[in-house]
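Below, each chain spelled out in residue letters.
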Amino acid sequence: MKLFEIWLSRLTNLSAVIGGLAMVMMMAQVTADVLGKYLFNYPIPATLEIVSSYYMVALAFLPLGFVTKHHEHIVVELFTQGLSPRSLSLITGLSNILAAMYVYTLTWRGMDEAIYMTGIRESWETAILDMQVWPSRWFVPIGCGLMFVYMVLHAIDDIAFWLRGRRLVTEGKQPKSIMDD
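Since the structure is predicted, the reported quantities are computational estimates derived from the model, not experimental observations.

**Student:** How do you make sense of helix α5 (residues 139-164) when you look at a structure like this?
**Tutor:** An α-helical segment advances 3.6 residues per turn. Residues three or four places apart therefore align on the same side. Taking 1.5 Å per residue, 26 residues should reach 38 Å; α5 reaches 37 Å between its end C-alpha atoms and fits that length. Downstream of α5 by one or two residues, Gly165 has phi in the positive range, about 85°.

**Student:** Help me out: how do you make sense of unusual backbone geometry in this one?
**Tutor:** With the exception of glycine, the majority of residues adopt a negative phi angle, and the majority of peptide bonds are in the trans configuration. Although it is not a glycine, His71 adopts a positive phi angle of roughly 55°. With respect to the element layout, His71 can be found in the loop between α3 (64-69) and α4 (85-119). With phi around 55°, Arg121 is a residue other than glycine that occupies positive phi space.

**Student:** Sorry, what's going on with the packing of helix α1 (residues 2-39) against helix α2 (residues 47-61) here?
**Tutor:** Each pair of packed helices can be summarised by the angle the axes make with each other and by the distance between the axes. Two elements in contact, α1 and α2, have axes whose closest approach is 8 Å; the angle formed by their N-to-C orientations is 160°. Judged on the interaxial angle alone, α2 and α1 are roughly antiparallel. With respect to the hand of their crossing, α1 and α2 are arranged in left-handed fashion. Together, Gly19, Ala22, Met23, Met25, Met26, Gln29, Val30 and Asp33 of α1 and Thr47, Ile50, Val51, Tyr55, Met56, Ala58 and Leu59 of α2 make up the contact between the two elements. Class assignment for the residues of the contact of α1 with α2 results in 11 nonpolar, 3 polar and 1 charged.

**Student:** Help me understand the environment of Thr118 in this model?
**Tutor:** Tracing the chain through its elements places Thr118 in helix α4. Each C-alpha atom of the pair Thr118 and Leu48 lies 22 Å from the other, and the pair is 70 residues apart in sequence. Setting aside its immediate chain neighbours within four residues, Thr118 contacts Trp134 and Trp138.

**Student:** Would you mind showing me how to read the pattern of salt bridges here?
**Tutor:** Two side chains that carry opposite charge are able to pair once their charged atoms sit near each other. Tallied over the entire structure, the rule returns 5 salt bridges. The partner of Asp158 in a salt bridge is Arg167, and the shortest N-O contact between them spans 3.0 Å. No difference in accessibility class separates Asp158 from Arg167, as the two residues are buried. Through salt bridges with shared partners, one network takes in Glu113, Glu122 and Arg137.

**Student:** Would you explain the nonpolar core in this entry?
**Tutor:** Buried together is how nonpolar side chains tend to be arranged in soluble globular proteins. Counting 8 residues, the largest nonpolar core is built from Ala22, Met26, Val51, Tyr55, Val57, Ala58, Leu62 and Phe139. Residue assignment for this core shows that the elements contributing at least two residues are α1 and α2. Considering each element in turn, this core owes the most residues, 4 residues, to α2. Those residues in contact with Ala58 that lie beyond four places of it in its chain are Gly19, Ala22, Pro63 and Phe139.

What counts and what doesn't
Residues numbered from 1 in each chain as written. Predicted model: local features only at pLDDT ≥ 70, side-chain atom pairs only at ≥ 80, totals over all residues. Heavy atoms only, no water. Helix = DSSP H or I, 4+ residues; strand = E, 2+ residues; numbered from the N terminus. Expected span 1.5 Å × (residues − 1). Axes fitted to C-alpha atoms, helices over the stretch in contact; angles between N-to-C directions. Parallel < 35°, antiparallel > 145°, perpendicular 65-115°, else oblique. Left-handed = near helix turned anticlockwise from the far one by under 90°. Contact = heavy atoms within 4.5 Å. Nonpolar A, V, L, I, M, F, W, Y, C, P; charged D, E, K, R; others polar. Salt bridge = Lys/Arg side-chain N within 4 Å of Asp/Glu carboxyl O. Buried < 20%, exposed > 50% of the residue type's maximum accessible area, 1.4 Å probe, protein only. Core = buried A, V, L, I, M, F, W, Y, C linked by side-chain atoms within 4.5 Å.

In C-alpha cells form, the structure reads like this:
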C-alpha cells in the first residue's frame, strides 16, 4: 500500500506541475499576444484556440488529484462542525463514496471521448492551420482518474477511522475537522 501511495503521489504531483506550467505558458502567450497586437499590430496566430483547447483544459483538470489528495476542496460544515472526529469521518467517508461514483462517471465518459477523438484525430481549423486538439482530451480522464483514486482512498481511510479509531492512509494532510483525537 505504501509503494502505491508513493507512486500515486508522484503521478499526482507531476500532473499538478503540468497544470501549473500550463497556467504560466497561458499567461505568457496571452501577454505576448496582447503586446504583439497593440504594439506591433501582429498578434500571435491561434492564441485563442491554444488557450481554450490546451491551457485551460490542463489548468482545470490536471490538478484535481493534487487538490483531492490534500483535502483542499471546499467544505461546508454548517451541520457537522459539532460532531466528534469519528462521527464526522463516517459522514466524510460516505460523501467520498458518493462523490467517487460521480467522478468515476466523469472519468469513464472522459476516457470514452478521448479514445474517440484520438481515433478520428480531432483538429480545429484556425486561420493559418489545422490544429490537432485530440491530445488535450486526455487531460480530463487523467485528472478525474487521479481524483477518483484519492476519493476512494480517503473513503476507505475515513471508514476505517470510524470503525477502528486509526487511519490507514498516511499521504496528504487530514482536514483539521477530522484529525485524529
